[in-house]
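So you can see what is in the structure, the chains are spelled out below.
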Amino acid sequence: MSDDFHYYEPSAGHGLPHDPFNALVAPRPIGWISSVAADGTRNLAPYSFFNAFNYTPPIVGFASVGYKHSVANIEATGGFGWNLATRPLAEAMNESCRPVEAEVDEFELAGLTPTPSRHIAAPRVAESPVSFECRLSQILRLTGADGEATNSWMVFGEVVGVYIARHLLVDGIYDTAAAEPILRAGGPADYFEVSPNHRFQMHRPG
Ligand SMILES: Cc1cc2nc3c(=O)[nH]c(=O)nc-3n(C[C@H](O)[C@H](O)[C@H](O)COP(=O)(O)O)c2cc1C
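A quick note: this is a predicted structure, and the numbers were derived from the prediction, not measured.

1. Details of the sheet that holds strand β1 (residues 28-29)
Here we have three strands laid out as an open sheet, ordered β1-β13-β14, and antiparallel in their pairing. At either end of the open sheet lies a strand with only one pairing partner, and these are β1 and β14 (191-193). As defined by bridge partners, strand β13 (residues 182-184) adjoins β14 across three bridges and the pair is classed as antiparallel. Residue pairing across strands places leucine 183 opposite phenylalanine 192, the latter belonging to β14.

Here it is in structure tokens:
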């Protein structure tokens, strides 16, 4: 093995001052997930183990490390909202991750406005310029390669409603950078923000 690489096997430890894993798979989009409990309590939390997985039908998913309130709510009520976390909303997004009791409404905690959805019980974040309404499609408990269950749950939802603030549509094309999305990087506190000067274009061959 070349000395030019730090090699490690996660099961034996990384041998570094901080676990680099979530800095290596980075930056990651943030699933800012709104949900509601069976008793109507609202919930909002960020999940950066989040992404889009299919076009038709559109499917997004996030992983909860531990069976968190969001998973319990979505399992109970069958849907969730995804809200774009932007630079102006970064502090509110961060506030919504506090490890509070299930009875606490993180919309209130973060000073955000819940606005009703059309197809799901969960509200969306009125201040966010892009939101999805998602119907629960699958909840999977993740396993290791040995088939052993982990303490993590993957939640997938079909996107059944999409909201885009009109000012982000330029001649009908969604302007990603203008929305100023934020992305989670590594370590305890690193994020990136997207701006137009970081864009480059590359077309697929063929
Ligand atoms: C930017 C960011 C990303 C996060 N990503 C995840 C994640 O992918 N999975 C997870 O389990 N927790 C993640 N967390 C922590 C959860 O947001 C936190 O545990 C929260 O309290 C869960 O809320 P809930 O129990 O209401 O669902 C993240 C926190 C922040 C600030």
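2. A look at the packing of aromatic side chains
According to the stated counting rule, one finds six aromatic pairs in the structure shown. Geometrically, the ring pair formed by phenylalanine 53 and phenylalanine 156 is edge-to-face, given 5.6 Å between the ring centres and 80° between the ring planes. Of this pair, phenylalanine 53 sits in strand β4 (residues 50-54) while phenylalanine 156 sits in strand β10 (residues 149-164), and the two are 103 residues apart along the sequence. A residue is classified by how much of its surface remains accessible, and phenylalanine 53, at 47% relative accessible area, is partly exposed. For phenylalanine 156, a relative accessible area of 14% translates into the label buried. With a centroid separation of 5.1 Å and an interplanar angle of 80°, the aromatic rings of tyrosine 67 and tryptophan 153 are classed as edge-to-face. With tyrosine 67 in the loop between β5 (59-65) and α2 (69-77) and tryptophan 153 in strand β10, this residue pair connects regions lying 86 residues apart in the sequence.

Thresholds, definitions, all that
Residues numbered from 1 in each chain as written. Predicted model: local features only at pLDDT ≥ 70, side-chain atom pairs only at ≥ 80, totals over all residues. Heavy atoms only, no water. Pairing = 2+ DSSP bridges. Helix = DSSP H or I, 4+ residues; strand = E, 2+ residues; numbered from the N terminus. Phe/Tyr/Trp six-rings, centres within 6.5 Å; stacked < 30°, edge-to-face > 60°. Buried < 20%, exposed > 50% of the residue type's maximum accessible area, 1.4 Å probe, protein only.

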